[in-house]
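What the coordinates show
Here is how the chains run, residue by residue.
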Amino acid sequence: MCLTIAQKATFENYKVFSIMPTTEIQIKQLFQMDNIHNGFTFWNTPALTNRIVNLMVAPDILPLFYEIMARINISYQINIENVQKLVDQTMPSNRLTSFDFNNYHTLERIYMNLNNLAKNYPDNVQIIIGGTTYEGREIKGVKVSFRANNPGIFIEGGIHAKEWISPATAMYILHQVLTSNEVDIRALAESHDWYIFPVFNPDGYVYTHTTNRMWRKNRKLSNSFCVGVDLNRNWNYKWNTHTLKNDPCSNNYAGSGPLSEIETKSMSKYIKTISDKFYAYIAFHSHAQLLLFPYGHTKNHLDNYDELHDIGLKAIAALKKKYGTEYQTGNIAEKMYRATGSSVDYIKATYGKQITYTYELRDRDNYGFLLPPDLIIPTGEEIMDSLVVMFKEVKACRSLSLWKFVTSDLLN
Ligand code: 0X9
Ligand code: ZN
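Computed from a prediction, not measured in an experiment: that's the story for all the values here. The written sequence of each chain sets the order in which its residues are numbered from 1. Starting at A for chains and at 1 for ligands, labels are handed out in the order in which the entities are written. The model is predicted, so local features are restricted to residues of pLDDT at least 70 and side-chain atom pairs to those at 80 or more, both for listing and for counting; the totals for chains, interfaces and linings are taken over all residues. Water and hydrogen atoms were dropped before computing side-chain values, which therefore reflect all heavy atoms in the structure.

Overall, antiparallel pairing links the four strands, which are arranged E2-E3-E1-E4 in an open sheet. Here the strands that pair on one side only, and so sit at the sheet edges, are strand E2 (40-42) and strand E4 (75-80). Adjacent strand axes in the sheet meet at a mean angle of 30°, parallel and antiparallel pairs treated alike. Bridge count between E2 and strand E3 (residues 53-57): three bridges; the pairing is antiparallel. The residue of E3 that forms the bridge with Thr41 is Met56. By the convention used here, strands pair only if DSSP detects at least 2 bridges between them. Strands are runs of DSSP state E lasting at least 2 residues, helices are runs of H or I lasting at least 4, and numbering of each runs from the N terminus. The angle between two axes is taken between their N-to-C directions and runs from 0 to 180 degrees, where each axis is a line fitted to C-alpha atoms and a helix contributes only its stretch in contact.

Here it is in structure tokens:
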């Protein structure tokens, strides 16, 4: 008899190298490495010259890595000696009994905390099941409100499974909205309704805890032997217009069609039901320290680019104050890479929402997706600081014709 035992992926002695491409040719050459061997994994996509690319290399193909680097004559340095060591540091202990921000948490524990908040703040917190997943889980979130019909802010976390700082930050914001005594935070919190969904991709998130810490997509099985769709390529705006080959084995597989995935389909249906209740949509990702805004298909400065850029600059200046963390802001295609089918682009294009930002959270190159848990609180604090300024600026811009969409409540 043959037994198959589900094994946890190990990253023992996997290394991460920072590579600095200086020419377009080098970018193309790096890009091709993805296809040479599946022991090469890019932590960020090679797209811009003079921007560091982090590449994870399996131990058995180190010689091949050194050979390719020499051949394309590119400078690099080692950044992480043993990925598994960092993976272990991010794993929550089974002994954890309460929810905190010194640890990452399992889906179960996050959902339990949402339930507890609804129990403890019955007048302000309402549980919402926004959608469902391929494996039958709930996509759970909350609506937080201090006054009926406040203008809404929607917060999306965890659409990419391995980006654990994203759900952690969404939860941090939620707790601040409920409990902070800081005057500016209270003012922001109580003048808005909050729709907060910390984990848009629950199946993927669970899988990163149980099986493969570096998983990104959902867990949909398809005809191909490869699993999963990138839920941030699956939304119905310019779906799959950029990829040359929509490959199910790629980490950016856009799915068989727009909204083909139950996660995006169900959440898009839910969002439609509240589309007149919110005017801002914020998504959390990692890792690059960028504050991005639409669109992903073009570098052109469309719609309210100038306003979003101005607000973005002020928000990242506020973000930097406490810990000196440097962000850049700009259009997604110009600051990162071209990518279509994302949730923020969809929300902006479909509902004309003017305030749509994507935070690529900490860090840059030291830990990548494996940000140590003692950096959850500093990350949360600086993001809260930036949101306070972002929405002060939004309010200050109200004289511009652009803001006529903002409900009168916000203008009071
Ligand atoms: O590629 C993505 O989906 C995001 N970057 S990540 O490294 N976290 O995967 C960027 C999303 C930006 N949004 C748009 N393309 N509109
Ligand atoms: Zn992401």
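A single heavy atom is enough: if one lies within 4 Å of a molecule or strand, its residue is considered near that molecule or strand. Near ligand 1 lie 15 residues; those nearest to it are Arg216, Arg233, Tyr337, Ser342 and Glu360. The separation between a nitrogen atom of ligand 1 and a polar side-chain atom of His285 is 3.1 Å. Whenever a nitrogen or oxygen atom comes within 3.5 Å of another N or O atom, the pair is scored as a polar contact, on the condition that within protein one atom can donate a hydrogen and the other can accept it, and that pairs from neighbouring residues in sequence are kept only if both atoms are in side chains. Between ligand 1 and Asp345 there is a distance of 2.9 Å, counted from a nitrogen atom to a side-chain nitrogen or oxygen. Only Asp, Glu, Lys and Arg are considered charged, only Ala, Val, Leu, Ile, Met, Phe, Trp, Tyr, Cys and Pro nonpolar, and every remaining residue, Gly among them, polar. Considering only residue class, the shell around ligand 1 consists of five nonpolar, five polar and five charged.

Below, the discussion takes up the confidence of the model for the chain. Any residue range with low pLDDT should be treated as having predicted coordinates unsuitable for detailed reading. Values of pLDDT, the confidence the predictor places in each residue, fall between 0 and 100. Of the residues in the chain, 95% have a pLDDT of 70 or more, and the chain-wide mean is 94. Mean pLDDT across the secondary structure elements of the chain bottoms out at helix H13 (residues 408-411), with 44, and peaks at strand E6 (residues 138-144), with 99. Note on residues 404-412: pLDDT under 50 across the span, and 14 contacts to partners over four residues away in sequence or across chains. Two residues form a contact once any of their heavy atoms are found within 4.5 Å.

This part takes up the coordination of the zinc ion (ligand 2). Donor atoms from the polypeptide that coordinate the zinc ion (ligand 2) comprise His160 (ND1), Glu163 (OE), Glu163 (OE) and His285 (ND1), at 2.0 to 2.3 Å from the metal. For the zinc ion (ligand 2), the donor residues sit on a single chain with the sequence spacing H-x2-E-x121-H. Remark: His285 occurs in strand E9 (residues 278-286) and His160 occurs in the loop between strand E7 (152-156) and helix H5 (165-179); sequence separation between them is 125 residues. Whether a residue is buried, partly exposed or exposed follows from its accessible area with a 1.4 Å probe, protein chains only, as a fraction of its type maximum: under 20%, in between, or over 50%, in that order. On the basis of relative accessibility, which here comes to 3%, the residue His285 falls in the buried class. Atoms of type N, O and S within 2.8 Å of a metal are treated as its donors, and for Na, K and Ca the window is 3.2 Å; water is not considered, so some sites may appear to be missing partners.

Okay, the UniProt feature "domain: Peptidase M14" (unreviewed entry) in the chain next. UniProt positions are given in the numbering used here, feature names are shortened, and annotations may be inferred rather than shown by experiment. UniProt's entry tags residues 103-394 with the feature "domain: Peptidase M14" (unreviewed entry), counted in the numbering of this structure. For residues 103-394, the end-to-end C-alpha separation is 33 Å, with 37% helix and 17% strand making up the annotated structure.

Per the UniProt entry, the sites bearing "active site" (unreviewed entry) are Glu360 in this numbering. Within the secondary structure, Glu360 is located in strand E12 (residues 355-361). Excluding residues within four positions of it along the chain, Glu360 makes contact with His285, Ser286, His287, Ala288, Gln289, Leu290, Leu292, Tyr327 and Met336.

Before going further, it helps to examine the pattern of salt bridges. Two side chains with opposite charge may pair up if their charged atoms get near one another. Salt bridges, as used here, are contacts in which a Lys or Arg side-chain nitrogen is within 4 Å of a carboxyl oxygen on Asp or Glu. Applying the stated criterion across every chain yields a total of 17 salt bridges. When the shortest N-O distance is used, the salt bridge between Asp276 and Lys277 registers 3.8 Å. Residue Lys322 is joined to Asp385 by a salt bridge in which the shortest nitrogen-to-oxygen separation is 3.4 Å. In this pair, Lys322 sits in helix H9 (residues 305-323) while Asp385 sits in helix H12 (residues 376-396), placing the two residues 63 residues apart along the sequence.

With that settled, the discussion passes to the environment of Leu188. Looking at where Leu188 falls in the secondary structure, it is placed in helix H6 (residues 183-190). With a relative accessible area of 6%, Leu188 lands in the buried category. For the pair Leu188 and Lys119, spaced 69 residues apart in sequence, the C-alpha to C-alpha distance is 23 Å. In this structure, Leu188 is in contact with Ile153, Trp194, Met384, Leu387, Val388 and Phe391, ignoring residues within four places of it in sequence.

The next point concerns the packing of aromatic side chains. Side-chain rings of Phe, Tyr and Trp, where Trp is taken by its six-membered ring, are said to pair if the distance between their centres is within 6.5 Å; with planes under 30 degrees apart they count as stacked, over 60 as edge-to-face, and otherwise as tilted. Per the stated rule, a full pass over the model turns up 29 aromatic pairs. With centroids separated by 5.5 Å and ring planes inclined at 45°, the aromatic side chains of Tyr237 and Tyr295 adopt a geometry described as tilted. With Tyr237 in the loop between helix H7 (202-210) and helix H8 (262-273) and Tyr295 in the loop between strand E10 (290-293) and H9, this residue pair connects regions lying 58 residues apart in the sequence. Joined through ring pairs, the aromatic side chains of Phe154, Phe197, Phe200, Trp235, Tyr270, Phe278, Tyr281, Tyr346 and Tyr351 make up one cluster. When the NZ atom of lysine or the CZ atom of arginine is within 6 Å of a ring's centre and also within 35 degrees of its normal, the charge is said to sit over that ring. Between Arg186 and the ring centre of Phe146, over which it is positioned, the NZ or CZ distance is 5.3 Å. The side chain of Arg219 reaches across the aromatic face of Tyr207, ending 3.5 Å from its centre.

On to the pairing of strand E11 (residues 328-331), then. In this structure, E10 lies alongside E11, joined through four bridges in parallel fashion. For Leu290, the partnering residue across the bridge sits in E11 and is Gln328. When the strands point away from the viewer, a crossover counts as right-handed if the route from the first strand across the helix to the second turns clockwise. Read as a crossover between parallel neighbours, the route from E10 over H9 to E11 is right-handed.

Moving on to the domain arrangement of the chain. The domains assigned to the chain are domain 1 (15-81) and domain 2 (107-411). Relative placement of domain 1 and domain 2: their C-alpha centres are 29 Å apart. The term buried area denotes the loss of accessible surface (1.4 Å probe radius) that occurs when two parts are joined, taken as the sum for both partners. Here domain 1 and domain 2 share an interface that buries about 950 Å² over both sides, 54% of which is from carbon and sulfur atoms. Along the contact surface separating domain 1 from domain 2 lie zero salt bridges. Taken together, the connections running from domain 1 to domain 2 amount to three residue pairs in polar contact (both at pLDDT 80 or more). Residue assignment for the side of domain 1 that touches domain 2 shows that the elements contributing at least two residues are E3 and E4. For every domain, the bounds stem from an assignment made automatically or drawn from a database.

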